[in-house]
Amino acid sequence: MRLLMVDKIKEDMVCAKTVFTSNGTILISEGTKLKNKYTDKLLNHGVYMIYVENELAKEIEIDHIIKEEIIQSANEIIKDTIDNISYYQDIDIIKIKDTINNIISQLFTNDNLILQVMEIRAVNDYILKHCVKVAVLSLMTGIALGYNKQQLMDLGTGAILHDIGKALIPSEVINKPSQLTIHEYEIVKEHTNLGYVALKSQGCVNEEVCNIILHHHERVDGKGYPNGLKGNEIHEYVRIVSIADVYDALTSDRIYRKRIDSSMAIEYIVSMSGTQFDQTLAKAFIQNIALYPIGKGVILNTKEKGFVIKNFKNFPTRPIVKIIYDENGQKLRKPYELNLIDYNTKSVIGTFS
């Protein structure tokens, strides 16, 4: 399979991976022959990329680090949590912690822990999916740093709940499909305080978890909110979640903009290390991210083109690529695999659809 922009779909291509709506309903099933009319259907639901069957990349399979049913269960639990918070009801912290425990267990069973593209879903209910993905990204970073089980539980719980305060912001502001006014932005910023107060009042989690909710928009240079904390004034858990939060926001489709590639998001994280983000934690975060997801078309500095078929945790810029086109753009009769770790003179310089 290969990853393709929706606007590049051609008649009778075959969907290689089921596309879901935000509530888990199937939008297009795996194996469905795609028609031109499906393009508008996907775009109207905010889906901009899908996996399609491709003869040249037929052996490429996506190895998910978390089972689909665990992610779906986590999404449902967070939906219930957001609903409860919005009606000022108690949250089910036991279910939330069980979910975090399941995610941690999954992560520890993966030998080559590196995040590929997560499930393709519509952009509605962005906050819901965002919370779960930020939890996974944060936990991967915590594991890279050698955190123990209790540290991971606190980090993951705070990460999955970090945006619950947005449930208390007027929906017309949160879901506005265009740029916010200064006044509206100030309203949105209140979600950190609102979430903190709502969770603190329930007394179901410790202060470290509550602080993640309150401070995840703080920045190491002191230019964040709500308190303008600097450097080590910001708890390490918070500094991790802030990186995961920004990364996922950049690489997710939103109502008002499309996602950017993982490589561009990583470049942003690197460029902001030492100002917005903690340098050491940013480095630990980055080592778990696939710059070029499996199935992505890449261009080498030699002008050869192919599809990524494997990534390596410690060498994110050096994937294995199945070379399909030679340096002259001619399709090879016998495509071959090229492990960039073994070829220092070759590198990825771009991508193609």
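Read on for a plain summary of the structure. (Residues numbered from 1 in each chain as written. Predicted model: local features only at pLDDT ≥ 70, side-chain atom pairs only at ≥ 80, totals over all residues. Heavy atoms only, no water.)

## So, the pairing of strand S5 (residues 297–300)
As defined by bridge partners, S5 adjoins strand S6 (residues 305–310) across three bridges and the pair is classed as antiparallel. The residue of S6 that forms the bridge with glycine 297 is phenylalanine 307. The antiparallel hairpin formed by S5 and S6 contains four residues in its connecting segment, where lysine 303 sits at a positive phi of about 75°. Alignment of S5 against strand S9 (residues 348–352), held across four bridges, turns out to be antiparallel. Along S9, the bridge assignment pairs isoleucine 299 with glycine 350. (Pairing = 2+ DSSP bridges. Helix = DSSP H or I, 4+ residues; strand = E, 2+ residues; numbered from the N terminus.)

## Things to note about helix H11 (residues 262–271)
Of the positions making up H11, those classed as buried are Ser262, Ser263, Ala265, Ile266 and Ile269. Projected onto a plane normal to the axis of H11, the buried residues spread over an arc of 160° and lie on a single side. Where H11 is buried, its residues touch helix H10 (236–250) and helix H12 (279–286). (Buried < 20%, exposed > 50% of the residue type's maximum accessible area, 1.4 Å probe, protein only. Arc of directions from axis to C-beta. Contact = heavy atoms within 4.5 Å.)

## A short note on the state of the cysteines
A complete count under the given rule lists zero disulfides for this structure. The closest cysteine sulfur to the non-disulfide-bonded cysteine 204 is located on cysteine 210, 7.4 Å from its own sulfur. Judged by its relative accessible area of 21%, cysteine 204 falls in the partly exposed class. Accessibility expressed as a relative area gives 1% for cysteine 210, which makes it buried. (Disulfide = S-S within 2.5 Å.)

## Considerations on the sheet that holds strand S8 (residues 331–339)
Within the open sheet, the five strands sit side by side as S8-S7-S6-S5-S9. Their pairing is antiparallel. Here the strands that pair on one side only, and so sit at the sheet edges, are S8 and S9. Recorded for the sheet is a direction-independent mean angle of 35° between the axes of neighbouring strands. (Axes fitted to C-alpha atoms, helices over the stretch in contact; angles between N-to-C directions.)

## What about unusual backbone geometry?
Between tyrosine 225 and the following residue, proline 226, the backbone shows a cis peptide bond with an omega angle of 10°. Topologically, proline 226 is positioned in the loop between helix H9 (207–215) and H10. Phi is positive for aspartate 12, which is not a glycine, with a value near 75°. Looking at the element boundaries, aspartate 12 is found in the loop between strand S1 (2–5) and strand S2 (19–20). Positive phi outside glycine occurs at tyrosine 88, with the angle close to 55°. The topology assignment puts tyrosine 88 in the loop between helix H2 (68–86) and helix H3 (93–108).

## A look at the environment of glycine 31
Considering the arrangement of structural elements, one finds glycine 31 in the loop between strand S3 (26–28) and helix H1 (36–44). Separated by 16 residues in sequence, glycine 31 and cysteine 15 place their C-alpha atoms 5.3 Å apart. The contacts of glycine 31, once residues within four sequence positions are left out, are Val14 and Cys15.

## Here we look at the packing of aromatic side chains
Here the structure, examined in full by the defined rule, presents four aromatic pairs. Measuring from ring centre to ring centre gives 6.5 Å for tyrosine 268 and phenylalanine 277, while their planes differ by 75°; the resulting arrangement is edge-to-face. Sitting over the ring of tyrosine 38, lysine 41 keeps its end group 5.8 Å from the ring centre. Against the face of tyrosine 225 rests lysine 189, its NZ or CZ located 5.0 Å from the ring centre. (Phe/Tyr/Trp six-rings, centres within 6.5 Å; stacked < 30°, edge-to-face > 60°. Lys NZ or Arg CZ within 6 Å of the ring centre and 35° of its normal.)

## Brief notes about the pattern of salt bridges
Counted according to the given criterion, the structure contains ten salt bridges. We note a salt bridge from aspartate 248 to lysine 133, for which the minimum N-O separation is 3.3 Å. With a gap of 115 residues between them, aspartate 248 in helix H10 and lysine 133 in helix H4 (residues 126–144) connect regions that are remote in the sequence. A relative accessible area of 2% places aspartate 248 in the buried class. Judged by relative accessible area, lysine 133 falls into the buried class, the value being 18%. In this structure, lysine 176 engages glutamate 184 in a salt bridge whose closest nitrogen and oxygen atoms are separated by 2.7 Å. (Salt bridge = Lys/Arg side-chain N within 4 Å of Asp/Glu carboxyl O.)

## Details of the side chain of asparagine 288
For asparagine 288, the location among the structural elements is in the loop between H12 and S5. Relative accessible area serves as the criterion here: at 1%, asparagine 288 is assigned to the buried category. Among the polar contacts listed, one links the side chain of asparagine 288 to the backbone oxygen of alanine 284, at a separation of 3.5 Å. (Polar contact = N/O pair within 3.5 Å; in protein donor to acceptor, adjacent residues only side chain to side chain.)

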